[in-house]
Amino acid sequence: MIPISKPKLSDLELKNITDAVKSGWVSSLGRYIDAFEHKFAEFCGTKYAISVCNGTVGLHLALKVLGIGDGDEVIVPDLTFVATANAVRMAQAKPVIVDVCRDSYCISPFAITKAITPKTRAIIPVHLYGHPANMPEIMEIAHTHGLHVIEDAAEAHGASIGGIRVGAFGDCGVFSFYGNKIITTGEGGMITTNDHALYERAKLLRDHAMSKSIRYWHTEVGYNYRMTNLQAAIGVAQLEQVDDFLMHRKNILDLYKDKLEGSGIECNPIVSAAPVVWMVCAIVDSLDRVRRDAVIGHMRASGVDTRPFFFPISMLPMYKPENNPIAYKLSESGINLPTFVGMTEDQVTKSCSALLAALEKVQG
Ligand SMILES: *Cc1c(COP(=O)(O)O)cnc(C)c1O
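Residues numbered from 1 in each chain as written. Predicted model: local features only at pLDDT ≥ 70, side-chain atom pairs only at ≥ 80, totals over all residues. Heavy atoms only, no water.

Trainee: Would you explain the packing of helix H3 (residues 55–65) against helix H4 (residues 83–90) in this entry?
Mentor: To describe two helices that pack against each other, one gives the angle between their axes and the distance between the axes. Where H3 contacts H4, the axes come no closer than 9 Å and their chain directions differ by 45°. As judged from the angle between their axes, H3 and H4 are oblique. As H3 runs across H4, the sense of the crossing is right-handed. For the pair formed by H3 and H4, the contact residues are Thr56, Leu59, His60 and Leu63 on the first element and Ala83, Thr84, Ala87, Val88 and Met90 on the second. For the contact of H3 with H4, a count of residues per class yields six nonpolar, three polar and no charged. (Axes fitted to C-alpha atoms, helices over the stretch in contact; angles between N-to-C directions. Helix = DSSP H or I, 4+ residues; strand = E, 2+ residues; numbered from the N terminus. Parallel < 35°, antiparallel > 145°, perpendicular 65-115°, else oblique. Left-handed = near helix turned anticlockwise from the far one by under 90°. Contact = heavy atoms within 4.5 Å. Nonpolar A, V, L, I, M, F, W, Y, C, P; charged D, E, K, R; others polar.)

Trainee: Looking at this model, I keep getting lost on the site of the ligand. Mind explaining?
Mentor: Around the ligand there are 15 residues in total, and Gly55, Thr56, Glu155, Ser176 and Lys181 lie nearest to it. Taking Thr56, its side chain carries an N or O atom lying 2.5 Å from an oxygen atom of the ligand. Here Glu155 contributes a side-chain N or O atom positioned 2.6 Å from an oxygen atom of the ligand. The fraction of the free accessible surface of the ligand (380 Å²) that becomes covered by protein chains is 93%. For the shell around the ligand, the elements supplying multiple residues, two or more each, are H3 and H4. Its residues placed into classes, the shell around the ligand shows five nonpolar, seven polar and three charged. (Near = heavy atom within 4 Å. Polar contact = N/O pair within 3.5 Å; in protein donor to acceptor, adjacent residues only side chain to side chain. Areas by Shrake-Rupley, 256 points an atom, 1.4 Å probe, with all protein chains shown as cover.)

Trainee: What should I look at first to understand the packing of aromatic side chains in this one?
Mentor: The geometry of an aromatic ring pair is captured by the separation of the ring centres together with the interplanar angle, meaning the angle of the planes. Applying the stated criterion across every chain yields a total of 12 aromatic pairs. With centroids separated by 6.1 Å and ring planes inclined at 15°, the aromatic side chains of Tyr129 and Trp278 adopt a geometry described as stacked. Separated by 149 residues along the polypeptide, Tyr129 in the loop between strand E4 (120–123) and helix H6 (135–145) and Trp278 in the loop between helix H9 (242–260) and strand E10 (280–283) bring together distant segments of the chain. Comparing Tyr129 with Trp278 shows no difference in burial state: the two are buried. A relative accessible area of 1% means that Tyr129 is categorised as buried. Ring pairing ties together the aromatic residues Phe81, Tyr105, Tyr129, Trp278, Phe309 and Phe310, which thus form one cluster. Across from the ring centre of Tyr32, 4.4 Å away, lies the NZ or CZ of Arg31, which sits over that ring. (Phe/Tyr/Trp six-rings, centres within 6.5 Å; stacked < 30°, edge-to-face > 60°. Buried < 20%, exposed > 50% of the residue type's maximum accessible area, 1.4 Å probe, protein only. Lys NZ or Arg CZ within 6 Å of the ring centre and 35° of its normal.)

Trainee: What should I look at first to understand the domain arrangement of the chain in this one?
Mentor: Interface size is commonly expressed as the accessible surface area that is lost when the partners come together. Considered domain by domain, the chain is made up of domain 1 (11–98 + 105–240) and domain 2 (242–363). For domain 1 and domain 2, the distance between their C-alpha centroids amounts to 26 Å. If you look at the interface, domain 1 gives 33 residues, while domain 2 gives 38 residues. For the pair domain 1 and domain 2, the two sides together bury roughly 2,900 Å², of which 64% comes from carbon and sulfur. Summed over the three residues of domain 1 that lose the most area to domain 2, namely Asp78, Tyr105 and Tyr129, the buried surface amounts to 29% of that side. Where domain 1 meets domain 2, there are zero salt bridges. (Domains from an automatic or database assignment. Buried area = accessible area lost by both parts, 1.4 Å probe. Salt bridge = Lys/Arg side-chain N within 4 Å of Asp/Glu carboxyl O.)

Trainee: Would you mind going over the sheet that holds E10 with me for this structure?
Mentor: The strands that make up a sheet pair up through hydrogen bonds in the backbone, lying either parallel or antiparallel. Taken in spatial order, the three strands of this open sheet run E10-E12-E11, and their pairing is antiparallel. Strand pairing shows two members of the sheet lacking a second neighbour, E10 and strand E11 (307–308), which therefore form its edges. Across four bridges, E10 lies against strand E12 (residues 334–337) in antiparallel orientation. Following the sheet pairing, Val280 is matched in E12 by Leu337. Against the sheet, helix H10 (residues 289–301) makes contact with E11 and E12, and its axis sits at roughly 20° relative to E12, the strand it touches most. (Pairing = 2+ DSSP bridges.)

Trainee: In this structure, what is going on with the pattern of salt bridges? I would like to understand it.
Mentor: When the charged atoms of two side chains lie near each other, side chains of opposite charge can form a pair. Using the criterion set out here, one finds 15 salt bridges in the structure. Two residues, Glu37 and Arg206, come together in a salt bridge whose shortest N-O distance is 2.9 Å. You can see Glu37 sitting in helix H2 (residues 31–44) and its partner Arg206 sitting in helix H7 (residues 196–206), a full 169 residues away along the chain. Glu37 sits in the buried class, given a relative accessible area of 11%. Accessibility expressed as a relative area gives 12% for Arg206, which makes it buried. Shared partners join several salt bridges into a network, and the residues in it are Arg102, Glu266 and Asp285.

Trainee: Explain the pairing of strand E8 (residues 172–176) to me, please; I cannot follow it from the model alone.
Mentor: The side chains of a regular strand alternate, first on one face of the sheet and then on the other. Extensive coverage of E8 is indicated by the burial of five of its five residues. Here E8 shows a buried face lined by Cys172, Val174 and Ser176 and a second buried face lined by Gly173 and Phe175. Examined bridge by bridge, strand E5 (residues 148–152) and E8 share three bridges and lie parallel to one another. Within E8, the position partnered with Asp152 by the bridge is Val174. As paired strands, E8 and strand E9 (residues 189–193) are joined by four bridges and run antiparallel to one another. Within E9, the position partnered with Phe175 by the bridge is Met190.

The following block contains the structure:
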């Protein structure tokens, strides 16, 4: 079976984690934490980075640090992983779920403008599947209306627009290091920012809001959202290889595009930005959800693991339906194809053949 995703782990990760174990620093103090935060900020071109135990709590912490809570509205895209909207709920605020652009699959600046009310406090654009959202326009809207921007960059480490990397546009950016992300720490996350006050407050709330000067004096209810030195040891090793990872992923997409050319299948977009490849996307406009899922079934039977695009957030039972036709259509016609560092050309060829054969079966 060709997997949809698999982490690239080698002797470098093993060496660092062995070192961390031998040092005895296995919890949330240790030199790998500092090194990982420092190097990650450098990678994004931001002044600061704060490690956290996963991307979801990173989003929650970012919202809390920006003072967003009960009665506030936060605008999020309909096509994303559920964590984007759930984090808003976790902060007691209301996610306002809007449509995406057909070309980039990312949140539509026009839809954001239409959704702004006096209660709107923030926007969370998501750089979906590695493609940056339209940050110049989103930042302009945010500026005009006095809104905060939290970039959900969980799927887009290293993507940029005009030479500026994602995570450096908004008040802050949030990354994930889950096992299938561009770099991994097993579970893990990072908040990036250029704002010193935000950085200090995130560090405080990450660690139960314990006073810096009086130990075990807590001034408010905080969280334990710390990353461990063991996770960071893996992160440091991964970050050393990230440029190679990104190049390899781009090569895989180029191979897919080459082999699917002329088939009518749309692959990952490039809209006035320098995207990275988190997952290869294949969109077949003529599919509906039932036939798309049949394609996935046929591919699995021939030894190729894939995954469907996310369900629109507004279709999930804990949210309410929205009229976001672009997100709904993309959601039912999109398939993610195997994308991982170490994938061979033969495996790309096999995945493409399986896709084309499956499409033939369901389209008759
Ligand atoms: C993975 C992901 C997250 C959450 O990250 P975790 O580390 O799994 O909590 C948030 N948003 C998006 C868009 C993601 O893909």
